[in-house]
Amino acid sequence: MVAVAEVTASAAISPKAAAVPCELVMAIVLLWRRRVPLLVAVVVAVAQVVETAAGVPIEQPVVSVLASVVAVYTWMTRYNVATMAVGCAALLSAVGVETLLQHKGFGNFAFALIFLVGAAIVGRTVHARAAQTVQLQAKADTLEREQEVQAQLAAQQERARIARELHDVIAHSVSVMVV
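Residues numbered from 1 in each chain as written. Predicted model: local features only at pLDDT ≥ 70, side-chain atom pairs only at ≥ 80, totals over all residues. Heavy atoms only, no water.

Engineer: Mind showing me how you'd approach helix H6 (residues 106–178) here?
Structural biologist: In an α-helix there are 3.6 residues to a turn, and that puts residues three or four apart on one side. Its 73 residues place the ends of H6 106 Å apart at the C-alpha level, agreeing with the 108 Å of an ideal helix rising 1.5 Å per residue. Taken together, the buried positions of H6 are Ala110, Ala112, Leu116, Ala119, Ala120 and Gly123. Among the structural elements, helix H4 (62–76) and helix H5 (81–101) are those in contact with the buried residues of H6. (Helix = DSSP H or I, 4+ residues; strand = E, 2+ residues; numbered from the N terminus. Expected span 1.5 Å × (residues − 1). Buried < 20%, exposed > 50% of the residue type's maximum accessible area, 1.4 Å probe, protein only. Contact = heavy atoms within 4.5 Å.)

Engineer: Where do I start with a nonpolar patch on the surface in this structure?
Structural biologist: On the surface, Ile162, Leu166, Ile170, Val174, Met177 and Val178 cluster together into a nonpolar patch covering about 620 Å² of accessible area. Mapped onto the elements, isoleucine 162 comes out in helix H6. (Patch = residues over 30% accessible without salt bridge, like charges linked within 9 Å, V, L, I, M, F, W, Y side chains within 5 Å. Areas by Shrake-Rupley, 256 points an atom, 1.4 Å probe, with all protein chains shown as cover. Salt bridge = Lys/Arg side-chain N within 4 Å of Asp/Glu carboxyl O.)

Engineer: Quick question: what am I supposed to make of the layout of surface pockets here?
Structural biologist: Over the atoms a probe the size of a water molecule is rolled, and this reveals where empty space is left. Estimated volume of the largest pocket: approximately 320 Å³. Taken together, 22 residues line the largest pocket, and the ones lying closest to its centre are Ile58, Ser64, Val65, Glu98 and Ala112. Going through the elements one at a time, helix H3 (37–53), H4, H5 and H6 are the ones with two or more residues in the lining of the largest pocket. Along the lines of polarity and charge, the residues of the lining of the largest pocket split into 13 nonpolar, six polar and three charged. (1 Å grid on protein atoms, 1.4 Å probe; cavity = no way out; pocket = protein on both sides within 12 Å on 5 of 7 lines; lining within 4 Å. Points joined across faces, edges and corners; volume = space filled by probe spheres on them. Nonpolar A, V, L, I, M, F, W, Y, C, P; charged D, E, K, R; others polar.)

Engineer: Help me understand the packing of aromatic side chains, please; the structure alone is not making it clear to me.
Structural biologist: Overall, the coordinates contain two aromatic pairs when judged by the stated rule. With centroids separated by 5.9 Å and ring planes inclined at 40 degrees, the aromatic side chains of phenylalanine 106 and phenylalanine 109 adopt a geometry described as tilted. Here phenylalanine 106 pairs with phenylalanine 109, and both are found in helix H6, just three residues apart, close to one helical turn. By relative accessible area, which is 60% here, phenylalanine 106 ends up exposed. Residues phenylalanine 111 and phenylalanine 115 carry aromatic rings whose centres are separated by 4.9 Å and whose planes lie at 70 degrees to one another, so their mutual orientation is edge-to-face. (Phe/Tyr/Trp six-rings, centres within 6.5 Å; stacked < 30°, edge-to-face > 60°.)

Engineer: When you look at H3 in this model, what are you seeing that I'm missing?
Structural biologist: The terminal C-alpha atoms of H3, which comprises 17 residues, lie 24 Å apart, in line with the 24 Å expected from a rise of 1.5 Å per residue. When we look at burial in H3, the residues that qualify are Pro37, Leu38, Val40, Ala41, Val44, Ala45, Ala47, Gln48, Glu51 and Thr52. Each element contacted by the buried residues of H3 is listed here: helix H2 (16–29), H4 and H5. One or two steps after H3, the chain reaches glycine 55, where phi turns positive at roughly 105 degrees.

Engineer: How should I be thinking about the side chain of glutamate 23 in this particular structure?
Structural biologist: If you trace the backbone, glutamate 23 turns up in helix H2. Exposure remark for glutamate 23: the relative accessible area of 0% places this residue in the buried category. Not counting residues up to four positions away in its chain, the partners in contact with glutamate 23 are Ala3, Glu6, Val7, Glu51, Pro61, Val63 and Ser64.

Engineer: Would you mind going over the nonpolar core with me for this structure?
Structural biologist: One broad rule of soluble globular proteins: the nonpolar side chains tend to lie buried together. By size, the foremost hydrophobic cluster in this structure holds 22 residues, and its most contacted members are Met26, Val40, Val44, Val72, Trp75, Met76 and Leu91. If you list the elements that add at least two residues to this core, you get H2, H3, H4, H5 and H6. Among all residues touching tryptophan 75, those that are not within four sequence positions of it are Pro37, Leu38, Ala41, Met84, Gly87, Cys88 and Leu91. (Core = buried A, V, L, I, M, F, W, Y, C linked by side-chain atoms within 4.5 Å.)

Engineer: Any chance you could explain the pattern of salt bridges here in plain terms?
Structural biologist: When the charged atoms of two side chains lie near each other, side chains of opposite charge can form a pair. Counted by the stated rule, this structure contains two salt bridges. Residues glutamate 158 and arginine 161 are paired through a salt bridge, measuring 2.3 Å at the closest nitrogen-oxygen approach. In this pair, glutamate 158 and arginine 161 both sit in helix H6, three residues apart, roughly one turn of the helix. We note a salt bridge from glutamate 165 to arginine 161, for which the minimum N-O separation is 2.4 Å. Here glutamate 165 pairs with arginine 161, and both are found in helix H6, just four residues apart, close to one helical turn.

Engineer: What is the right way to look at the side chain of glutamate 51 in this model?
Structural biologist: Locating glutamate 51 in the fold gives a position in helix H3. Not counting the four nearest positions on each side in its chain, glutamate 51 is found in contact with Ala19, Cys22, Glu23, Met26, Val56, Pro61 and Ser64.

Any functional reading would require information that these geometric values do not contain.
Next comes the structure, spelled out in structure tokens:
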């Protein structure tokens, strides 16, 4: 809905007949970003190129930039480096093609690149922190189990010590009685 509102409200975004479907595709496909994040990134890239090829100025729609950032962030938090490279290549290629189609300078490419790299860094940081949290939780669980085992072992050793002392006291008392 934000995509349609943006296209409808902005006079600078035209042709609206091309912008509305492309913006809707980019917004709707984000619903599946957690299930198939790489596919979502590719669809967003293709929709951006189609929108730009139709004549919509690349500097106007904000939803396309946001869709790219969300897509990059999502697959950066979920995939390994090789798969991420494919997604990066798709989105960077799309931005490059858009810039060339509208004969824009390197500034537009760099602007999009800053957002994409920023989203990628944040995504990888979140991924690394999540992995570290899982490792630390596993280590904490292991240490807790070891602590429980140590407590049980200490209790068993204390019971054995008390039993030995009782045995010694009773044996001494019986010996005294016999003597």
